[in-house]
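Understanding the architecture of this molecule
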Amino acid sequence: MKISQNIKVAVDAVVFGYQQKELSVLLIKRGIQPFKGAWALPGGLVLENESLEHAVERELLEETGVTIDYLEQLYTFGTPKRDPRNRVISVTYFGLVSPNHFKISASTDAAEVQWFPIHELPKLAFDHNRILTTALQRLQNKINYQPIGFELLKKEFPFSDLENLYQTILNQKIDRRNFRKKIMSFGILTETDKTHQPSSGRPAKLFKFNAKKYKELEKKGFHFEIKFA
């Protein structure tokens, strides 16, 4: 049987941020057709002789001004007619960043770029709502068995910030005592000699992430199960 193909390969990036105790996602407003003027995930076609990883990093930098050290491959979306122009298969990635570390700027195909709270999202172009939902589910599942999310916090932070981050991502209350006990047992947090004075209550100790210890444990494999309140 003769097989004829005219398939293009694209990459799309779901970038999560965390600010003011709210999970957000980075979106661009499309400057070209189709869906001109609609909000979408950053991304585009893979160039000839370009790896998928380089393509998604390039598109993200060009359209938003953001660079990420690590993007995890999420899923491949290839439903026919997902793009009205051509048959396009999208290899999607997701990553975590602190929005305060970047000055976002739109360029190339993007007319605008903006952080949107996860609960205040506009209707997205193509099948990007589905992609975003899949990425959020992956993040919620992963955070249940492996400590992640330190990229979203300041370099030094009170333990309550880490608790709030997890509760925000999971969208439910956690057992705070059990959570603290498990996190501290891993040794992935280092206590500093600094404190944070909240608007009310006692000063709180500040911690920082121990990346070396985390990588050691990651090789062995984590067993991290969150209990909910």
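Residues numbered from 1 in each chain as written. Predicted model: local features only at pLDDT ≥ 70, side-chain atom pairs only at ≥ 80, totals over all residues. Heavy atoms only, no water.

As named in an unreviewed UniProt entry, the chain is NUDIX hydrolase, taken from Tenacibaculum singaporense. Its UniProt record gives the chain a comment under Sequence similarities (unreviewed entry), which states: "Belongs to the Nudix hydrolase family." (UniProt positions renumbered as here; feature names shortened; annotations may be inferred.)

Before going further, it helps to spend a moment on the overall build of the chain. Check the secondary structure of the chain and you find five helices and ten strands. Structurally, the chain occupies a C-alpha span of about 65 × 40 × 30 Å along its principal axes. Buried positions account for 44% of the 229 residues belonging to the chain. The contacts of the chain with a sequence gap of at least 6 include a subset with a gap of at least 24, amounting to 68%. For the chain, the exposed area adds up to about 13,300 Å²; of that, 48% sits on carbon and sulfur atoms. Across the chain, the centroid of the 34 positively charged side chains sits 5 Å from that of the 26 negatively charged ones. (Helix = DSSP H or I, 4+ residues; strand = E, 2+ residues; numbered from the N terminus. Buried < 20%, exposed > 50% of the residue type's maximum accessible area, 1.4 Å probe, protein only. Contact = heavy atoms within 4.5 Å. Areas by Shrake-Rupley, 256 points an atom, 1.4 Å probe, with all protein chains shown as cover. Lys, Arg positive; Asp, Glu negative; His and termini not counted. Charge placed at Lys NZ, Arg CZ, Asp CG, Glu CD.)

Moving on: the layout of surface pockets. There is about 950 Å³ of room inside the largest pocket. Tyr 70, Leu 96, Phe 150, Glu 151 and Phe 209 are, among the 29 residues lining the largest pocket, the residues nearest its centre. At the level of secondary structure, the elements contributing two or more residues to the lining of the largest pocket comprise strand S6 (87–96), strand S10 (204–209) and helix H5 (211–220). Per-element accounting of the lining of the largest pocket gives the leading share, four residues, to H5. The residue makeup of the lining of the largest pocket includes at least three contributed by each of domain 1 (8–143) and domain 2 (150–220). Counted as a void, the second largest pocket has a volume near 480 Å³. Lining the second largest pocket are 17 residues; nearest its centre among them are Tyr 18, Lys 21, Lys 154, Pro 158 and Asp 161. For the lining of the second largest pocket, the secondary structure elements donating two or more residues are strand S1 (7–19), strand S8 (156–158) and helix H3 (159–170). (1 Å grid on protein atoms, 1.4 Å probe; cavity = no way out; pocket = protein on both sides within 12 Å on 5 of 7 lines; lining within 4 Å. Points joined across faces, edges and corners; volume = space filled by probe spheres on them. Domains from an automatic or database assignment.)

The next subject is the nonpolar core. Core analysis: the largest hydrophobic core is formed by 43 residues, its most contacted members being Val 14, Phe 16, Leu 139, Leu 162, Tyr 166, Phe 179 and Leu 189. Sorting the residues of this core by element identifies S1, strand S2 (22–30), strand S5 (72–77), S6, helix H2 (128–145), H3, helix H4 (176–186) and H5 as the ones contributing at least two each. At six residues, H3 tops the list of elements feeding residues into this core. Split by domain, this core shows at least three residues from each of two domains, domain 1 (8–143) and domain 2 (150–220). For Leu 189, the contacting residues outside a window of four places in its chain are Phe 150, Phe 157, Phe 159, Leu 162, Ile 183, Met 184, Phe 207, Lys 208 and Phe 209. Counting residues in each nonpolar core, the second largest holds 17 residues, with Val 15, Leu 26, Ile 28 and Val 97 among its members. (Core = buried A, V, L, I, M, F, W, Y, C linked by side-chain atoms within 4.5 Å.)

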